[in-house]
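Take a look at the letters that make up each chain.
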Amino acid sequence: MAEPTPPPSNPGLRILLSKDRPPASSSSAPTAVSSHTDRDRIIGVFRDALSRIESPEAFALQAVQEAIKPQKQTVLVLEENQSLENALRTLLQELASYAVQSGKRIMQYGNSLDNEENNCQITRLLDIVLYLCERGHVEGGMVFQLLEDLTEMSTIKDCKDVFGYIESKQDVLGKQELFGRGKLVMLRTCNQLLRRLSKANDVVFCGRIIMFLAHFFPLSERSALNIKGVFNTSNETKYEKDAADGISVDLNFYKTLWSLQEHFSNPALTAANLTKWQKFASNLMVVLSTFEAQPLSDDDGKLNNLDQEEDAAFSIKYLTSSKLMGLELKDPSFRRHILVQCLIFFDFLKAPGKTDKEGPTGSMKEEIDSCEERVKKLLEMIPPKGKEFLQSIEHILEREKNWVWWKQDGCPVFEKQPFEKKPSPAGVRKRKPRWRLGNKELAQLWKWAEQNPNALTDPERVCMPSVTEYWKPLAEDMDTSAGIEEEYHHKNNRVYCWKGLRFSARQDLEGFSRFCDYGIEGVVPPELLPAEVRAKFYAKPAEKAKRPKKEEAKGTSTQPKEQQVASATPETDGGVSGVDPEEGAVPMDSDNAANDDGRKHSPEEVSGPESGQCEVEADGEHNMKIEASKDGPLKDTA
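By convention here, each chain's residues receive numbers from 1 onward along its written sequence. Local features in a predicted model are, by the rule used here, given only for residues with pLDDT of at least 70; side-chain atom pairs are given and counted only at 80 or more, and totals for whole chains, interfaces and linings are based on all residues. In computing side-chain properties, one takes all heavy atoms of the structure into account and sets aside hydrogens as well as water.

**Concerning a positive patch on the surface**
On the surface, Lys241, Lys255, Lys276 and Lys279 cluster together into a positively charged patch. Helix numbering and strand numbering both begin at the N terminus, where a helix is a DSSP run of H or I of at least 4 residues and a strand a DSSP run of E of at least 2. Residue placement: Lys255 occurs in helix α10 (residues 251-265). Patch construction takes residues with relative accessible area above 30% that form no salt bridge. Like charges are linked within 9 Å, and nonpolar side chains (Val, Leu, Ile, Met, Phe, Trp, Tyr) are linked within 5 Å. Under the convention used here, a 1.4 Å probe and the Shrake-Rupley method define accessible areas, while residue burial counts only the protein chains that appear. What counts as a salt bridge is simple: a side-chain nitrogen of Lys or Arg found within 4 Å of a carboxyl oxygen of Asp or Glu. In this tally, Lys and Arg are treated as positive and Asp and Glu as negative; His is ignored, and so are the chain termini. To locate a charge, take NZ of a lysine, CZ of an arginine, CG of an aspartate or CD of a glutamate.

The structure is reproduced here in structure tokens:
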């Protein structure tokens, strides 16, 4: 494709080339001619490179070596980088001039109508320079300088295409080897673009630039932060001072409402001046009382529900005409706008990190707290979803405190480099660290004790919990309505059970005694358990008395007579063992004695303190009966 000849001059271009400048003196003319010759030769080499269809990896380094003939094979020195940059900036200007002369857009110059591929020469040139910068063959900031020149010589319409190219190469431009060299140039380029754009007509383009800067720069970049906390005092809210004709509106309330914006625009000035604070507090009380006296209904909230609108437009500032005062008071979003400003104002006054002199005084603190409570209640009452809206605002303000602390700490970097372990050389045995008290934890504890001798006597240190408080987790596990699976119960934790038994042994001995009968769940205090679980471990006294009687009666009826006789026969003199078992009186008396003995050992009598005496008397009567039965047959035989 034949290229048009460059025009003699282009007043629209902003870069002043060295060939257009008159020579300073006749002595410098040979040097200028030589530099012009070298520059033209470099331009010619790169102009030929633009016509190649291969990727820049195939020919970019070769073109640099042919044009510059560097001292080193792959890296240019300072003077060589400067010569190459001047030549490329000149070539870029010439290509932009050709595009303007041909009536094409800058980022489309060189494209053929028949070929769908993108063969734009300016894009091609930028790709080659970007590859050289990425590989480290040329200085890393060269591509940023070319992009700045291109945006300066382009119209707003062409700048959108140029910025589209920047967005497409964001990942490459953001690499560490390039970002450190060109971040200031890129920041200057974007700021100059923002100054040229209209905030009313180019809102989307402005948003693209701001979003690019937010992604391109790290989160801890200080250039985009308001470190000193400067307020935009130029944002003034103008409102009517006199009442309009033919409109019935409370002019005093109208002025009171809009006068709050003067304090919101500069909170530091209001907090420092006591007279202004009193004026603000009195005006705010009037506004809050009016909002409370005229609450909004659910119908008012439905009329202004923006969730149902797909393309909801939000205005930057509300209109201050007195004719709209009645409508604005019925608008939920307008009320929320004013009340959220109040919360932001109060949050600034109570910002963390302020000293006693900087912070509010005692009386001011009380007024702030009372006004803040009223504002939050009003936000809850405003439909729709007042409580959810208030929770979101509180969450945002709470997160804002973290940013305040971060700024006061000097904006430390969020990213942390990964810790790399140095491999120990082979054959070298690593020496274990020696601790003063056996291990690291004990040594650290001993060190803290030396540094803080009052740590153990501090009344606010962690104390032993009560039994009721300690067993609450296990009681929740025992509640079947909680639905906690068996494997996650606290009774499976040995350390937890062991500590709980120690607490119960010291504080609840009765509960500790139930461990043998019911296990660890029986130690839980009854007041913590639900009714159905409590009935399982804590039966009524009458039921407890009935159960032993039934069990004792069953055990007595099943005993063999021989065991009853053996258990009831006491250890007496040797004459007892010589009694004839075949005589009828002896077995009868023995059975009676066994029954008497069984009655003496009933649960009602054994439990009393006189059970020992009853056993002694039963043994005495038993011996007397045996002696009587022994003497009876002897008298008969005699």
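Here the narrative resumes.
**Looking at the confidence of the model for the protein**
Here the protein shows a mean pLDDT of 77. Residues at 70 or above account for 71%. This model gives residues 308-313 a pLDDT under 50, and the stretch forms one contact once residues within four places in sequence are excluded. Predictor confidence is given residue by residue as pLDDT, running from a minimum of 0 to a maximum of 100. Here, residues are in contact when the closest pair of their heavy atoms is within 4.5 Å. Throughout residues 628-638 the model reports pLDDT below 50, and contacts reaching past four residues in sequence, or to other chains, amount to four contacts.

**With respect to the nonpolar core**
We define a nonpolar core as any set of buried Ala, Val, Leu, Ile, Met, Phe, Trp, Tyr and Cys residues linked to one another through side-chain atoms lying within 4.5 Å. When a residue's accessible area, from a 1.4 Å probe over protein chains only, is under 20% of the maximum for its type it is buried; when over 50% it is exposed; and in between it is partly exposed. One finds Phe46, Leu84, Ile122, Leu150, Leu173 and Met186 to be the most contacted residues of the largest nonpolar core, which totals 64 residues. Taken together, the elements giving at least two residues each to this core come down to α1 (29-50), α2 (56-68), α3 (78-102), α4 (121-135), α5 (142-152), α6 (156-168), α8 (176-196) and α9 (203-216). The contacts of Ile122, once residues within four sequence positions are left out, are Leu92, Leu95, Ala96, Ile106, Met107 and Leu150. Membership of the second largest hydrophobic core comes to 36 residues, among which are Leu284, Leu378, Leu390 and Leu397.

**Observations regarding the layout of surface pockets**
Computed from the structure, the largest pocket encloses a volume of approximately 1,400 Å³. Lining of the largest pocket is provided by 41 residues; of these, Phe231, Phe264, Pro267, Ile344 and Phe348 occupy positions nearest its centre. The set of elements that each furnish at least two residues to the lining of the largest pocket consists of α10, α15 (332-349) and α17 (386-408). Residues were grouped as follows: Ala, Val, Leu, Ile, Met, Phe, Trp, Tyr, Cys and Pro as nonpolar; Asp, Glu, Lys and Arg as charged; and all remaining residues, including Gly, as polar. In the lining of the largest pocket, the residues fall into 22 nonpolar, 11 polar and eight charged. Both cavities and pockets are sets of points on a 1 Å grid over the protein atoms alone; in a cavity a 1.4 Å probe fits but cannot get out, in a pocket the set is open with protein on both sides within 12 Å along at least five of seven lines, and lining residues sit with an atom within 4 Å of a point. Grid points are joined across faces, edges and corners, and a volume is the space filled by probe spheres set on the points.

**Thoughts on the packing of aromatic side chains**
Stacked, tilted and edge-to-face are the three classes applied to pairs of Phe, Tyr and Trp rings, where Trp contributes its six-membered ring and a pair requires centres within 6.5 Å; stacked means planes under 30 degrees apart, edge-to-face means over 60, and tilted covers the rest. Scanning all chains against the criterion turns up 25 aromatic pairs. Between Phe216 and Phe217, the aromatic rings sit 5.4 Å apart at their centres with planes inclined by 85°, giving edge-to-face as the arrangement. With respect to class, Phe216 is no different from Phe217; both count as buried. Put simply, the rings of Phe163, Phe179, Phe205, Phe212, Phe216 and Phe217 touch in pairs and so form one group of aromatic residues.

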